[in-house]
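Residue-level structure breakdown
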Amino acid sequence: MPADQEFDGRVAIVTGAAGGLGRATVSLLLERGARVVAHDLDPAVRELEEAGPGLVTAVVGDVTDETTADHAVTVALERYGRLDVLVGNAGRTLNKPVGETTVADWDRIMTINVRGNFVFSRAAYRQMTAEGAGAIVLVASYTATVALPEGSAYSASKGALAQLMKVLAIEGAPAGVRANAVAPGVIDTGFLNDIRPDGQEYLRTFGDFHPLGRIAQPAEVAEAILFLASDRASFITGALLPVDGGVTAR
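Residues numbered from 1 in each chain as written. Predicted model: local features only at pLDDT ≥ 70, side-chain atom pairs only at ≥ 80, totals over all residues. Heavy atoms only, no water.

Taken as a whole and judged by the stated rule, the model has 1 aromatic pair. Here the guanidinium or amino end of Arg 250 rests over the ring plane of Phe 209, the centre of that ring lying 5.6 Å away. (Phe/Tyr/Trp six-rings, centres within 6.5 Å; stacked < 30°, edge-to-face > 60°. Lys NZ or Arg CZ within 6 Å of the ring centre and 35° of its normal.)

Spelled out as structure tokens, the structure:
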């Protein structure tokens with residue numbers, strides 16, 4: 001099947017879909033024939049429903065709330081009749097030295113990044129194992145495998161996602177459910193504006209850190225996500241795929 005049709009008839013849930021990587025992933029899934037349940041805490045996610053009648057259904061809610069995750073799966077089934085793919089993208093970052101990181105900081109990052117991906121993965125996994133097929137792709141980070149100074153909570157949370165993915169892969173294999181994760185470098189999404197007033201400038205200067213000499217565009221990482229979710233990756237499970245411009249090859 002041509003790549004531009006590889007998701008025809010398939011249904012995906014994408015968390016953190018209102019902007020950045022999440023929005024780029026939704027757009028690429030739609031281009032390739034999928035129907036999408038787009039989740040975000042930000043009501044702006046409803047704008048994605050303008051992609052076309054019935055192509056996208058928005059779910060607004062807290063990613064850490066298990067009822068939100070269960071509801072997203074219910075929406076997929078009631079609206080589209082099945083669930084084939086989960087992209088666990090929602091997350092937050094934090095830049096603070098270890099000595100200045102509070103317990104509240106730690107708990108907030110771990111709750112959003114780890115608990116949020118757990119409850120959505122669990123909800124999707126239950127449905128996929130019942131259907132006998134499915135693909136889960138979590139968005140980790142290059143910091144899952146190398147240290148990020150001033151990023152103790154964030155790095156720990158992304159390392160936890162890498163391990164969650166591996167357990168999902170092993171437990172899901174007998175039921176035909178694959179689980180993988182991407183490990184991006186820095187992505188040009190404005191993500192760091194939440195923690196640094198010079199976020200966009202920081203993103204540009206960070207390009208020198210990447211051997212390829214630039215940061216990633218959202219669509220480049222979305223391509224890797226779709227590859228892992230597609231039949232092209234039918235014999236890949238339990239993999240952490242670097243999409244980091246060579247950062248972890250140093």
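Let us keep going from here.
By the element assignment, Thr 101 lies in the loop between strand S4 (85-88) and helix H3 (103-131). For Thr 101, a relative accessible area of 18% puts it in the buried group. A distance of 2.9 Å separates a polar atom in the side chain of Thr 101 from the backbone oxygen of Pro 97. Apart from residues lying up to four places away in sequence, Thr 101 is in contact with Leu 94, Lys 96, Trp 106 and Ser 152. (Helix = DSSP H or I, 4+ residues; strand = E, 2+ residues; numbered from the N terminus. Buried < 20%, exposed > 50% of the residue type's maximum accessible area, 1.4 Å probe, protein only. Polar contact = N/O pair within 3.5 Å; in protein donor to acceptor, adjacent residues only side chain to side chain. Contact = heavy atoms within 4.5 Å.)

The next point concerns the packing of helix H1 (residues 20-31) against helix H6 (residues 218-229). Each pair of packed helices gets described by two things: the angle between the helix axes and the distance between those axes. H6 packs onto H1 with a crossing angle of 55° between their chain directions and a minimal axis gap of 8 Å. When the axes of H1 and H6 are compared, the pair comes out oblique. Where H1 crosses over H6, the two elements pack in a sense that is right-handed. Between H1 and H6, the contacting residues are Gly 20, Leu 21, Ala 24, Thr 25, Leu 28 and Leu 29 on the first element and Pro 218, Ala 219, Val 221, Ala 222, Glu 223, Ile 225 and Leu 226 on the second. (Axes fitted to C-alpha atoms, helices over the stretch in contact; angles between N-to-C directions. Parallel < 35°, antiparallel > 145°, perpendicular 65-115°, else oblique. Left-handed = near helix turned anticlockwise from the far one by under 90°.)

One pass over the full model with this rule turns up 9 salt bridges. Here Arg 10 ties to Asp 231 by a salt bridge, and the two come within 2.6 Å at their closest N and O atoms. Of the two residues, Arg 10 sits in the segment before strand S1 (11-14) while Asp 231 sits in the loop between H6 and strand S7 (240-243), which places them 221 residues apart along the sequence. With a closest N to O distance of 2.7 Å, Lys 96 and Asp 105 form a salt bridge. (Salt bridge = Lys/Arg side-chain N within 4 Å of Asp/Glu carboxyl O.)

Contact geometry for H3 and helix H4 (residues 152-172): axes closest at 9 Å, N-to-C directions at 15°. With respect to H4, the element H3 is oriented roughly parallel. By crossing handedness, the relation of H3 to H4 is classed as right-handed. Within the contact between the two elements, H3 uses Trp 106, Ile 109, Met 110, Asn 113, Val 114, Asn 117, Phe 118, Ser 121 and Tyr 125 and H4 uses Ser 152, Ala 153, Tyr 154, Ala 156, Ser 157, Lys 158, Ala 160, Leu 161, Leu 164, Leu 168, Glu 171 and Gly 172.

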